[in-house]
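# Summary of structural features
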Amino acid sequence: MTVPYALRVAEDAADREACFAVRKEVFVGEQGVSEDIEYDAYDARALHVLAVRDDGAPLGTGRLLYGEDAAAKTGGDPGVGSLGRLAVTKEARGLGVGVALVGAIEDAARARGLTSVDLHAQTHALGFYERLGYVAYGEEFLDAGIDHRAMRKTL
């Protein structure tokens, strides 16, 4: 099954709300993450990417932190961005939406002069990111009660 969709940078309030709705469905609804920690101060400054079905329904989202916002998550290197909050709705999983979102976020990182992208992957998603060229490093850690590993890809 294929579902036609488009990717775009979330530039207006409606797009941002669509990003937040996907995150609420996936992280809060499916995974039990508290809304108190799902949304943070970085959301206002991050670059958000949105995947939408042809009829406008949101299918997935992810965000890129860069500059000072990323430094706290990436060890302080200004050339490293932080990919996060990648979420794809149940109906869109397996359709390539996640891969497309990661690619769009990497393109945005390159456009900002970044040389690498870090992320904190839920351990069940390590294989997904490894197939996209990310390499795990460091020990497993808990974030929002879910096991994660840090990963990095050189762009």
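Residues numbered from 1 in each chain as written. Predicted model: local features only at pLDDT ≥ 70, side-chain atom pairs only at ≥ 80, totals over all residues. Heavy atoms only, no water.

## Notes on the nonpolar core
Grouped together as the largest cluster of nonpolar side chains are 26 residues, with contacts concentrated most on Leu83, Leu101, Val102, Leu119, Tyr129, Tyr134 and Met151. Mapped by element, the contributors of at least two residues to this core are β2 (47-53), β3 (58-65), β4 (80-88), α4 (97-111), β5 (116-122) and α5 (126-131). Of all the elements, α4 adds the most residues to this core, at six residues. Core analysis: the second largest hydrophobic core is formed by six residues, Val22, Val26, Val33 and Ala87 among them. (Core = buried A, V, L, I, M, F, W, Y, C linked by side-chain atoms within 4.5 Å. Buried < 20%, exposed > 50% of the residue type's maximum accessible area, 1.4 Å probe, protein only. Helix = DSSP H or I, 4+ residues; strand = E, 2+ residues; numbered from the N terminus.)

## Some points on the confidence of the model for the protein chain
Per-residue pLDDT for the protein chain averages 94, and the proportion of residues at 70 or more is 99%. The weakest mean pLDDT in the protein chain belongs to helix α3 (residues 68-74) at 87; the strongest belongs to β3 at 98. (pLDDT = per-residue confidence, 0-100.)

## Focus: helix α1 (residues 13-30)
When the terminal C-alpha atoms of α1 are compared, their 24 Å separation across 18 residues agrees well with the 26 Å that a helix rising 1.5 Å per residue should span. At Lys24, α1 shows its largest bend, some 30 degrees. Regarding α1, the residues found buried are Asp15, Ala18, Cys19, Phe20, Val22, Arg23, Val26, Phe27 and Val28. Buried residues belonging to α1 abut β1 (5-9), α2 (35-38), β2, β3, β4 and β5. The opening residue of α1 is Asp12, an N-cap whose side-chain oxygen sits 3.2 Å from the backbone nitrogen of Ala14. Taken from the residues just after α1, Gly32 is the one with a positive phi, measuring 75 degrees. (Expected span 1.5 Å × (residues − 1). Bend = angle between axes of the 7 residues up to and from the residue. Contact = heavy atoms within 4.5 Å. Polar contact = N/O pair within 3.5 Å; in protein donor to acceptor, adjacent residues only side chain to side chain.)

## Overview of the packing of aromatic side chains
Taken as a whole and judged by the stated rule, the model has three aromatic pairs. Between Phe20 and Tyr39, the ring centres sit 5.5 Å apart and the planes meet at 70 degrees, which makes this aromatic pair edge-to-face. Within this pair, whereas Phe20 is found in helix α1, its partner Tyr39 is found in the loop between α2 and β2, the two being separated by 19 residues in sequence. A ring pair is formed by Phe128 and Tyr129, whose centres lie 5.0 Å apart and whose planes are at 75 degrees; its orientation type is edge-to-face. Residue Phe128 is classed as partly exposed on the basis of its relative accessible area, which comes to 21%. The structure contains a cluster of three or more aromatic residues connected by ring pairs, namely Phe128, Tyr129 and Tyr134. Of note, Arg112 hangs over the ring of Tyr66, and the distance from its end group to the ring centre comes to 5.1 Å. (Phe/Tyr/Trp six-rings, centres within 6.5 Å; stacked < 30°, edge-to-face > 60°. Lys NZ or Arg CZ within 6 Å of the ring centre and 35° of its normal.)

## A word on unusual backbone geometry
For Arg85, which is not glycine, the phi torsion reads 55 degrees and is therefore positive. Position of Arg85 relative to the elements: it lies in strand β4. Even without being glycine, Ala144 reaches a positive phi, approximately 55 degrees. Take Ala144: it is sitting in the loop between β6 (135-143) and β7 (146-154). We classify Ala144 as partly exposed; its relative accessible area is 35%.

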